[in-house]
Amino acid sequence: MDMEQRERWATKIGLILAMAGNAIGLGNFVRFPTQVAGNGGGAFMVPYFLALFLLGIPVMWVEWVQGRYGGKYGHGTLGPTFYLMARESLKPRSALWFGLIGGALAFATTTLLNSYYLHLIGWSAAYSWFSITGAYYGKNTAQFFSQYLSNHGLVFLFWGITVVLLGIAVGQGVSKGIERWVKVMMPLLYVFAIILVIYVFALGSPLGQPQWSTIKGFEFIWSPNWGYLKDHLWKVMLAASGQIFFTLSLGMGIIQNYASYLGPKDDVALSGLATVSLNEFAEVVLGGSIAVPLAVAYAPKIVPPDVLAKGSDAALAWISENFGLGFSYTSLPNIFVQMGTAGRFFGALWFLLLWFAGFTSAIAMYNYLTALLEEDLGIKRSVGTWVVFIIYFLLGIPVVYINGYLDQVDAWISFQLALLALFDIIVSVWLFKPDNFWRELHEGALINVPEFYKWITVIIAPIFIALPLFGTFTDLVSKTLGWPAKIAIL
Ligand code: PHE
């Protein structure tokens, strides 16, 4: 594609909101609370912040640098970008291998993740509707959910509305489509989340039992739990670094794709940091202040009485293991119901928030595939968006029909994100050469990144990545080996 014709972001604020939308997703509001609760509450936050500074921020910069670099040569996908950067140290033939590996991994992860991510977004749209209409009121929420899932027409209706809207946004292009959509959706997303957080805190002790309050849930997340950390160090470290990849959308190619629409001298250092900050605000401040505090405040209604009688630690442990924070389609409706009519409104707001969050991440993935067709294969954007739609439709079928698919694919994705992040550093820091990387990072930069970050990126980050890489690999092997026996066609 001709460089002159390549699209650019129209405004700085549009770019930042698009990047924040890319990163902020179901990971912030659903995956994060599940990970915190499942890993000892405050125990999780210590390695989480460590991973943020030693892994998240450096890899985010690497990906922005890659994106802008590829964009200079008219490419927004990983294959060509890896090739161009690896050429700095390697002969073209060897560089090509890195291009192939990077391109294939990015393609595999985007398509795999979307096969279920889009369904989760579709379910959120449906549940927003079910909440406002009170459809699950007075019903067993688990049964309600499986009835919904077996109504394939309804499932594909909400899925279809979501994917058609995604296709429209992406089909309109980067500045006229994506940028316009996120400029409306992202501020609204923050507004929805802030309203929910205020409401959650105003609830206090909704059941009139002071020992069960939303503040208690907040404390669970924020008081460091060193004992738990010591006893489960490996598990918690692994979960924390995995969450950092997922929430920041790293290791996939979509940050690079958005950054490829920058001008060659546009800042990446401050913008990368702004993306991380906006995401972390949405994750630890907003995402951490809704689902977990709600579950704790309503503990007497959801935790079995015999567990409750054993005290608050036992109840918190029960919530972490059994409540299904990550599966808010069946768990949280039990709480919204407790709120009476207000629950209809706040339930709808919560699921709409999930829909917005997921949608603005899905746009980035949709655009990646469209750019791949457009720039690497020469297929027009308007046609490409339909091709992606068909690919998504085919990929979405197993989620609805195969039991256990989601868990299985999630294990693969966690591994692939870490693997590609490692390749990011090998190609764009080691092979591209650390000095070149550092110079690129500072080209047009609005801030000066302290020199020690260069060494964190060159040495510490790749060592740190080895942790999730190894951990997710063992997880993957055990899940894959154990899976065939569990397959059941619904
Ligand atoms: N970061 C997004 C989220 O938190 C989505 C995403 C996850 C994108 C993993 C890419 C990779 O939900």
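Shown above is the structure to which this text applies.
From a predicted model like this one, the values you see are computed outputs, not experimental measurements.

> Looking at this structure, how should I read unusual backbone geometry?
The general pattern is negative phi for most residues beyond glycine and trans for most peptide bonds. Positive phi, close to 60°, is recorded for Ser-249, a residue that is not glycine. Relative to the helices and strands, Ser-249 is located in the loop between α11 (233-247) and α12 (254-259). Ser-249 gets classed as buried once you look at its relative accessible area, which sits at 10%. Here the phi dihedral of Lys-433 falls at roughly 85°; this positive angle occurs in a residue that is not glycine. Structurally, Lys-433 is set in the loop between α21 (405-431) and α22 (434-442).

> What exactly am I supposed to notice about the site of the ligand here?
What surrounds the ligand is a group of 14 residues, the closest being Ala-23, Gly-27, Tyr-117, Phe-246 and Ser-249. The separation between an oxygen atom of the ligand and a polar main-chain atom of Leu-26 is 3.1 Å. Measuring from a nitrogen atom of the ligand, one finds a backbone N or O atom of Phe-246 at 2.8 Å. Relative to its unbound accessible surface of 310 Å², the ligand loses 100% to contact with the protein. When residues of the shell around the ligand are traced back to their parent elements, those giving at least two are α1 (12-23), α2 (26-38), α5 (92-132) and α11.

> Just to check I follow, could you spell out the packing of aromatic side chains for this structure?
Both the distance between ring centres and the angle between the ring planes are used here to describe each pair of aromatic rings. In total, this model carries 46 aromatic pairs according to the counting rule given. Between Phe-145 and Tyr-148, the ring centres sit 6.4 Å apart and the planes meet at 45°, which makes this aromatic pair tilted. Residue Phe-145 and its partner Tyr-148 are both found in helix α6 (residues 141-150); the two are separated by three residues, about one turn of the helix. Judged on exposure class, the residue Phe-145 and its partner Tyr-148 are both buried. Through pairs of rings, three or more aromatic residues link up here, namely Trp-123, Tyr-127, Phe-130, Tyr-136, Tyr-137, Phe-144, Phe-145, Tyr-148, Tyr-329, Phe-336 and Phe-351. Between Arg-31 and the ring centre of Phe-246, over which it is positioned, the NZ or CZ distance is 4.7 Å. One Lys or Arg, Arg-344, reaches over the ring of Tyr-137 and ends 5.6 Å from the middle of that ring.

> What exactly am I supposed to notice about the environment of Ile-335 here?
Relative to the assigned elements, Ile-335 resides in helix α18 (residues 332-338). With 145 residues separating them along the chain, Ile-335 and Tyr-190 place their C-alpha atoms 22 Å apart. Aside from chain neighbours lying at most four places away, what touches Ile-335 is Leu-294, Ala-295, Tyr-298, Ile-302 and Phe-323.

> Help me out: how do you make sense of α5 in this one?
Each turn of an α-helix holds 3.6 residues, which means side chains three or four residues apart point in the same direction. With 41 residues, α5 should reach 60 Å at 1.5 Å per residue; the first-to-last C-alpha distance of 58 Å fits that figure. The sharpest bend along α5 measures roughly 35° and falls at Asn-114. After α5 finishes, the residue Gly-134 shows a positive phi value of roughly 70°.

> Honestly, the packing of helix α4 (residues 78-86) against α5 in this entry has me stumped. Any pointers?
The relative placement of two packed helices is expressed as an angle between their axes plus a distance between the axes. One way to put it is that α4 packs onto α5 with a least axis distance of 7 Å and a crossing angle of 150°. If you check the angle between α4 and α5, you find them roughly antiparallel. As α4 runs across α5, the sense of the crossing is right-handed. Residue-level inspection shows Leu-78, Gly-79, Phe-82, Tyr-83 and Ala-86 of α4 in contact with α5, the latter providing Pro-92, Ala-95, Leu-96, Phe-98, Gly-99, Gly-102, Gly-103 and Ala-106.

> How do you make sense of the nonpolar core when you look at a structure like this?
Here is a general trend for soluble globular proteins: nonpolar side chains tend to be buried in one another's company. With 174 residues, the main nonpolar core has Phe-29 and Trp-350 as its most contacted residues. In terms of residue count, helix α19 (residues 341-376) provides more of this core than any other element does, 19 residues in total. Each residue touching Trp-350, except ones within four places of it in the same chain, is listed here: Phe-29, Leu-196, Ile-290, Ala-291, Ser-328, Leu-332 and Phe-336.

> Even after reading the chapter, I still don't get the packing of helix α3 (residues 42-72) against α11, so can you show me in this structure?
With their axes 8 Å apart at the nearest point, α3 and α11 run at an angle of 50° to one another. When the axes of α3 and α11 are compared, the pair comes out oblique. For the pair α3 and α11, the sense of crossing is right-handed. Two secondary-structure elements touch here, α3 through Ala-43, Phe-44, Pro-47, Tyr-48, Ala-51, Leu-52, Leu-55 and Gly-56 and α11 through Val-236, Met-237, Ala-239, Ala-240, Ser-241, Gln-243, Ile-244, Phe-245 and Thr-247. Here the residues of the contact of α3 with α11 sort into 13 nonpolar, four polar and no charged.

> Just checking my understanding: could you explain the environment of Leu-417 for this structure?
Mapped onto the fold, Leu-417 is located in helix α21. Spatially, the C-alpha atoms of Leu-417 and Ser-249 are 8.6 Å apart, while their sequence positions differ by 168 residues. Ignoring anything within four residues of it in the chain, the contact list for Leu-417 reads Thr-109, Phe-245, Phe-246, Leu-250, Gly-251 and Met-252.

> Sorry, what's going on with the side chain of Thr-385 here?
Tracing the backbone through its elements, the reader meets Thr-385 in helix α20 (residues 381-401). Beyond its immediate stretch of four places on either side in the chain, Thr-385 contacts Gly-167, Val-170, Gly-171, Tyr-366 and Thr-370.

> Is there a simple way to think about α11 in this case?
Helix length check: α11, at 15 residues, gives a terminal C-alpha distance of 21 Å against a target of 21 Å (1.5 Å per residue), a fit within 8%. Taken together, the buried positions of α11 are Val-236, Ala-239, Ala-240, Ser-241, Gln-243, Ile-244, Phe-245, Phe-246 and Thr-247. Two residues or fewer after α11 comes Ser-249, characterised by a positive phi angle close to 60°.

Here is what the cut-offs are and how they apply
- Residues numbered from 1 in each chain as written.
- Predicted model: local features only at pLDDT ≥ 70, side-chain atom pairs only at ≥ 80, totals over all residues.
- Heavy atoms only, no water.
- Helix = DSSP H or I, 4+ residues; strand = E, 2+ residues; numbered from the N terminus.
- Buried < 20%, exposed > 50% of the residue type's maximum accessible area, 1.4 Å probe, protein only.
- Near = heavy atom within 4 Å.
- Polar contact = N/O pair within 3.5 Å; in protein donor to acceptor, adjacent residues only side chain to side chain.
- Areas by Shrake-Rupley, 256 points an atom, 1.4 Å probe, with all protein chains shown as cover.
- Phe/Tyr/Trp six-rings, centres within 6.5 Å; stacked < 30°, edge-to-face > 60°.
- Lys NZ or Arg CZ within 6 Å of the ring centre and 35° of its normal.
- Contact = heavy atoms within 4.5 Å.
- Expected span 1.5 Å × (residues − 1).
- Bend = angle between axes of the 7 residues up to and from the residue.
- Axes fitted to C-alpha atoms, helices over the stretch in contact; angles between N-to-C directions.
- Parallel < 35°, antiparallel > 145°, perpendicular 65-115°, else oblique.
- Left-handed = near helix turned anticlockwise from the far one by under 90°.
- Core = buried A, V, L, I, M, F, W, Y, C linked by side-chain atoms within 4.5 Å.
- Nonpolar A, V, L, I, M, F, W, Y, C, P; charged D, E, K, R; others polar.

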